[in-house]
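# Inside the fold
Spelled out, the chains give:
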Amino acid sequence: MALMVGFSAFMLWTSFHISKFDSISSPGVFPMLCAALMLVTGLMSLRQAWASSSNADDTHTAFQQFVIQLAPLKLVLFTALIVVYMLALEVTGFLLSSYVFLLLSMQVLGSKKIVVNLGVSALVLICIFIVFQTAFSVVLPAGSLLGPYTPEWLK
């Protein structure tokens, strides 16, 4: 939290130098407000963390407590899923990689109803495909796995 407070103070100082707060509509006002909000909430969290540090669990090291609090298994798995999804998009294409990503992410986030996950993933993917392909005319990646045999409706 101390790092967050320090970073917020630095961002406030940096954003002040954008336009020196000449007027309420100057370019630096919004960044200054965001940085000030980060600083205030960071100070509140630092005070809370400082107060709760006396109740800290002595069975874990500081690094172990950091991992438990900021990098729980669910977060690490979901982050890994996002990375694999980004890498799979180019190879397997949007439809297959997005469907598998949706299925696995629902599992990781706690849904245990496999049949519901299959249906919800398909429904969401159909809606996304229709909106982006039809309404926005965005060409979604077909993937190199299909190669030259990409169906016309995917182009």
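Treat the numbers as computed from the prediction; the structure is a model and nothing was measured.

## Remarks on the environment of glycine 143
When you line up the elements, glycine 143 lands in the segment after helix H5 (114-135). Look at glycine 143 and you get buried, because its relative accessible area is 18%. Counting along the chain gives 47 residues from glycine 143 to leucine 96, while the straight-line C-alpha distance between them is 9.2 Å. Excluding its chain neighbours within four sequence positions, the residues that come into contact with glycine 143 are Leu89, Glu90, Val91, Thr92 and Gly93.

## Observations concerning the confidence of the model for the chain
Overall, the predicted model of the chain reaches an average pLDDT of 84, with 90% of residues at or above 70. Across the chain, the element-wise mean pLDDT spans from 78 in helix H3 (residues 62-70) up to 93 in helix H4 (residues 73-108).

## A word on H4
With 36 residues, H4 extends only 9 Å from end C-alpha to end C-alpha; this falls clearly short of the ideal 52 Å at 1.5 Å per step. Residues of H4 that are buried: Leu81, Tyr85, Gly93, Phe94, Ser97, Ser98, Phe101, Leu102, Leu103 and Ser105. Check the buried side of H4 and you find it contacts H5. Phi for glycine 110, located one or two positions after H4, is positive at around 120°.

## Some remarks on the packing of aromatic side chains
Counted by the stated rule, this structure contains four aromatic pairs. Geometrically, the ring pair formed by phenylalanine 78 and phenylalanine 101 is tilted, given 6.0 Å between the ring centres and 45° between the ring planes. Measuring from ring centre to ring centre gives 5.6 Å for phenylalanine 132 and phenylalanine 136, while their planes differ by 70°; the resulting arrangement is edge-to-face. Each member of the aromatic cluster is reached from another via a ring pair, and the members are Phe78, Tyr85 and Phe101.

## Some words on the nonpolar core
In terms of nonpolar packing, the biggest core is built from seven residues, these being Leu81, Tyr85, Phe94, Phe101, Leu125, Phe129 and Leu140. Mapped by element, the contributors of at least two residues to this core are H4 and H5. Sort the elements by how many residues they give to this core and H4 lands first, with four residues.

About the cut-offs
Residues numbered from 1 in each chain as written. Predicted model: local features only at pLDDT ≥ 70, side-chain atom pairs only at ≥ 80, totals over all residues. Heavy atoms only, no water. Helix = DSSP H or I, 4+ residues; strand = E, 2+ residues; numbered from the N terminus. Buried < 20%, exposed > 50% of the residue type's maximum accessible area, 1.4 Å probe, protein only. Contact = heavy atoms within 4.5 Å. pLDDT = per-residue confidence, 0-100. Expected span 1.5 Å × (residues − 1). Phe/Tyr/Trp six-rings, centres within 6.5 Å; stacked < 30°, edge-to-face > 60°. Core = buried A, V, L, I, M, F, W, Y, C linked by side-chain atoms within 4.5 Å.

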